[in-house]
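Results of the structural survey
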Amino acid sequence: MTDEQEQRLKTDRRDAKRSSGSLPDQYPPENNQSANKRVGEVGTDLNLTEAQRSKLHRSITGDQRLTYHQIKAEAERILKEEEEG
């Protein structure tokens, strides 16, 4: 990501927070706690078991810039993989 793109993202984040009071799902989380919160939200939304949540955490570890929708897609991939056996 270029410096200009990074600055635009920061500005968009600030504006989104001002208008809504929270950060919309399409923006990447700003820190590890936010990333963990998003994983928890996905886990709740998809009724993941503790084992599935752990697998999701392991699969995205180190990539804190994933959006809610990207984390959810990874969780759905994990669920599909388990269904297929």
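Residues numbered from 1 in each chain as written. Predicted model: local features only at pLDDT ≥ 70, side-chain atom pairs only at ≥ 80, totals over all residues. Heavy atoms only, no water.

Among the nonpolar cores identified, the biggest contains ten residues, and these are Val39, Val42, Leu48, Leu56, Ile60, Leu66, Tyr68, Ile71, Ala75 and Ile78. Elements with a minimum of two residues in this core: α2 (32-45), α3 (50-60) and α4 (68-84). Here this core gets four residues from one element, more than from any other, and that element is α4. (Core = buried A, V, L, I, M, F, W, Y, C linked by side-chain atoms within 4.5 Å. Buried < 20%, exposed > 50% of the residue type's maximum accessible area, 1.4 Å probe, protein only. Helix = DSSP H or I, 4+ residues; strand = E, 2+ residues; numbered from the N terminus.)

Next up on the list: the environment of Asn32. Relative to the helices and strands, Asn32 is located in helix α2. Residue Asn32 is classed as partly exposed on the basis of its relative accessible area of 39%. Linking Asn32 and Thr61, residues 29 residues apart in sequence, is a C-alpha distance of 9.8 Å.

Here the focus is the confidence of the model for the protein chain. Predicted confidence across the protein chain gives a mean pLDDT of 78, with 69% of residues reaching 70 or more. Predicted confidence in the protein chain is weakest over helix α1 (residues 3-20), with a mean pLDDT of 61, and strongest over α4, with 92. (pLDDT = per-residue confidence, 0-100.)

Here the focus is the packing of α3 against α4. Remark: α3 packs on α4, axes separated minimally by 10 Å, with the N-to-C direction vectors making an angle of 125°. The orientation of α3 relative to α4 falls into the category oblique. The handedness of the crossing between α3 and α4 comes out as right-handed. Along the contact surface, α3 presents Gln52, Lys55, Leu56, Ser59 and Ile60, while α4 presents Ile71, Glu74, Ala75, Ile78, Leu79, Glu81 and Glu82. Partitioning the contact of α3 with α4 into residue classes produces six nonpolar, two polar and four charged. (Axes fitted to C-alpha atoms, helices over the stretch in contact; angles between N-to-C directions. Parallel < 35°, antiparallel > 145°, perpendicular 65-115°, else oblique. Left-handed = near helix turned anticlockwise from the far one by under 90°. Contact = heavy atoms within 4.5 Å. Nonpolar A, V, L, I, M, F, W, Y, C, P; charged D, E, K, R; others polar.)

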